[in-house]
Amino acid sequence: MKIAVVGTGYVGLVTGTCLAETGNNVICVDINEQKVQKMRAGEVPIYEPGLDILFHRNIEQGRLSFTTNLAEAIEDAKIIFLALPTPPGGDGSADLSYVLGAAKDIARLVRNYKVIVTKSTVPVGTADKVRAVFDEHLDINKGGEVDVVSNPEFLREGVAVEDFMKPDRVVVGTSSDKARKLMEELYGPYVRSGNPIIFMDERSSELTKYAANSFLATKITFMNEIANLCELVGADVDMVRRGIGADARIGKRFLFPGVGYGGSCFPKDVQALEKSASEYQYDFKILQSVMEVNEKQKVVIVEKLRKYYNDDLKGKKFALWGLAFKPETDDIREAPSLYIIDALVEAGAQIVAYDPEAIENVKKLKGDVIDYSSDPYEALNGADALIIVTEWPLFRTPDFDRIGSLLKARVIFDGRNLYDLQKMIDCGFYYNSIGRKIIG
Ligand code: NAD
């Protein structure tokens, strides 16, 4: 099938590449000329494990190409995906200007039947708004005809290729039989193991995405609160996590406490759902609390540091392991590391940060407010303590003797509970993690 993907960010590029992988002909279009030039030169503009192999293979085999020219991209396409940003507007609601703006541009160009698929995360009612844009700008006398479909994306950065190639489910919101058949044909190869394509109306589909992300953000936040309580009552959150996770109704996944959720989705989607609810005069209390708790959790490590250093962080030097909002990505949007950096710098501390992929992105944002190291051990040199913010696999079994000898003091603040408490006792560290006993 001929496909166009509008927007080549984390979602658009993965979508386009993975659709090409099953034999479709995909043209990706982006307004960022530099990015398109890079991709044309064979450079993957983001870090996403496994993407580069598929990217190069499909370009070489002529199924994947890139352009800045919207007309060229959509001319022969049967299905057009919108994978555009929906950032929070000033009041927290999703900014639909990218989606509706692109819809208008596309509407003026369409000369035959096309399915317009919204992959961006958009509030309930957006399909109607997109349809209204087409109703206004589509030239039916020149053969223009469209169906508008909602098809939210559930991929996770870091495992995005796997998630797209083998989704737990595909959600499609449409009221058109013709569009439904095309979407069924398109997604068939990805659900051969029997996972469902769930068809529904557009509004339910749009809400499904927000409900999923808000539920997950709530689950993490609940565990963060349990962890905070564990510290007060002398319980171990790891034990509690296992104890509740064994209950199939709760499940083992997504129960790990930490330094709050971040990333380009959870913060903005929780905020947008709460805002949508309030527009319908519904007071979504759980989500309000989730946001409030998460704000505090993002700097919980800073509070621990303040306590340890008697509220005097001035002149202290900290090694920071992990900048990305989660492992296996270079994405730093709403990353807890940024909040920790701001709070520590404001308190007069010095930071040397290491991250396997995200340093360049942080440099663009923070410049030389902090120092960076290309080696995790080098970052420790002469630091008062090590702070762990992102659970990259390479931090899991480090050389503790080396850590101890490089640090000024054997002190670790771990926002991801990476290490065994007994191991920390054996290695003679002061070790302060989340929801567990303080060692040392
Ligand atoms: P992104 O910011 O990484 O990428 C957006 C891309 O769109 C950029 O390359 C930008 O240059 C391009 N763009 C902007 N305006 C354009 C236009 N008019 N024409 C062509 N290209 C244009 O965004 P993302 O992370 O891929 O997210 C896209 C959407 O998918 C958002 O609604 C997001 O909430 C949703 N989503 C994201 C994820 C994720 O993990 N990142 C997961 C599921 C859903």
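Residues numbered from 1 in each chain as written. Predicted model: local features only at pLDDT ≥ 70, side-chain atom pairs only at ≥ 80, totals over all residues.

(A) Looking closely at the domain arrangement of the protein. Annotation of the protein at the domain level lists domain 1 (2–200), domain 2 (209–295) and domain 3 (298–432). For domain 2 and domain 3, the distance between their C-alpha centres works out to 24 Å. Counting residues at the interface gives 11 residues for domain 2 and 14 residues for domain 3. The residue inventory of the side of domain 2 that touches domain 3, partitioned by class, reads 3 nonpolar, 6 polar and 2 charged. (Domains from an automatic or database assignment. Contact = placed C-beta atoms within 7 Å. Nonpolar A, V, L, I, M, F, W, Y, C, P; charged D, E, K, R; others polar.)

(B) Focus on the packing of helix α9 (residues 202–233) against helix α12 (residues 285–297). Taken N-terminus to C-terminus, the directions of α9 and α12 make an angle of 55°; their axes are 9 Å apart at the nearest point. Here α12 runs oblique to α9, going by the angle between their axes. Crossing of α9 over α12 shows left-handed handedness. Where α9 approaches α12, its residues Ser214, Ala217, Thr218, Thr221, Asn224 and Glu225 are matched on the opposing element by Ile286, Leu287, Val290, Val293, Asn294 and Gln297. In terms of residue class, the contact of α9 with α12 is built from 5 nonpolar, 6 polar and 1 charged. (Axes fitted to C-alpha atoms, helices over the stretch in contact; angles between N-to-C directions. Helix = DSSP H or I, 4+ residues; strand = E, 2+ residues; numbered from the N terminus. Parallel < 35°, antiparallel > 145°, perpendicular 65-115°, else oblique. Left-handed = near helix turned anticlockwise from the far one by under 90°.)

(C) Up close: α9. With 32 residues, α9 should cover 46 Å at 1.5 Å per step; its first-to-last C-alpha distance of 47 Å lies within 8% of that length. Downstream of α9 by one or two residues, Gly234 has phi in the positive range, about 80°. (Expected span 1.5 Å × (residues − 1).)

(D) Spatial organisation of the UniProt feature "active site" (unreviewed entry) in the protein. What UniProt calls "active site" (unreviewed entry) maps, in this numbering, to Cys265. Following the sequence through the fold, Cys265 ends up in the loop between α10 (237–245) and α11 (266–279). Aside from chain neighbours lying at most four places away, what touches Cys265 is Thr121 and Asn213. (UniProt positions renumbered as here; feature names shortened; annotations may be inferred.)

(E) Structural view of the pairing of strand β9 (residues 317–321). Burial analysis of β9 places 4 of its 5 residues in the buried class, which makes it a mostly covered element. Of the strand pairs in this sheet, β9 and strand β10 (residues 350–354) are connected by 5 bridges, and their pairing is parallel. In the sheet register, Trp321 faces β10, and the bridge partner there is Tyr354. After leaving β9, the chain enters helix α14 (residues 336–346) and then returns to the sheet as β10, a path that is right-handed. With 4 bridges connecting them, β9 and strand β12 (residues 385–388) associate as parallel partners. When the bridges of β12 are listed, Ala319 appears paired with Leu386. (Buried ≥ 20, exposed ≤ 12 C-beta atoms within 10 Å, placed from the backbone. Pairing = 2+ DSSP bridges. Right-handed = clockwise from strand over helix to strand, strands pointing away.)

(F) Quick peek at the site of the ligand. By nearness alone, 26 residues border the ligand, and Gly7, Gly9, Val11, Ser120 and Thr121 come closest of all. Mapped by element, the contributors of at least two residues to the shell around the ligand are α1 (10–21) and α5 (97–107). Residue composition of the shell around the ligand, grouped by class: 12 nonpolar, 10 polar and 4 charged. (Near = placed C-beta within 6 Å.)

(G) Looking closely at the environment of Thr218. You can see Thr218 is positioned in helix α9. In this structure Thr218 comes out as partly exposed when scored by C-beta crowding, with 19 C-beta atoms within 10 Å. Along the sequence, Thr218 and Met291 sit 73 residues apart, while their C-alpha atoms lie 9.0 Å from each other. Not counting the four nearest positions on each side in its chain, Thr218 is found in contact with Ile286 and Val290.

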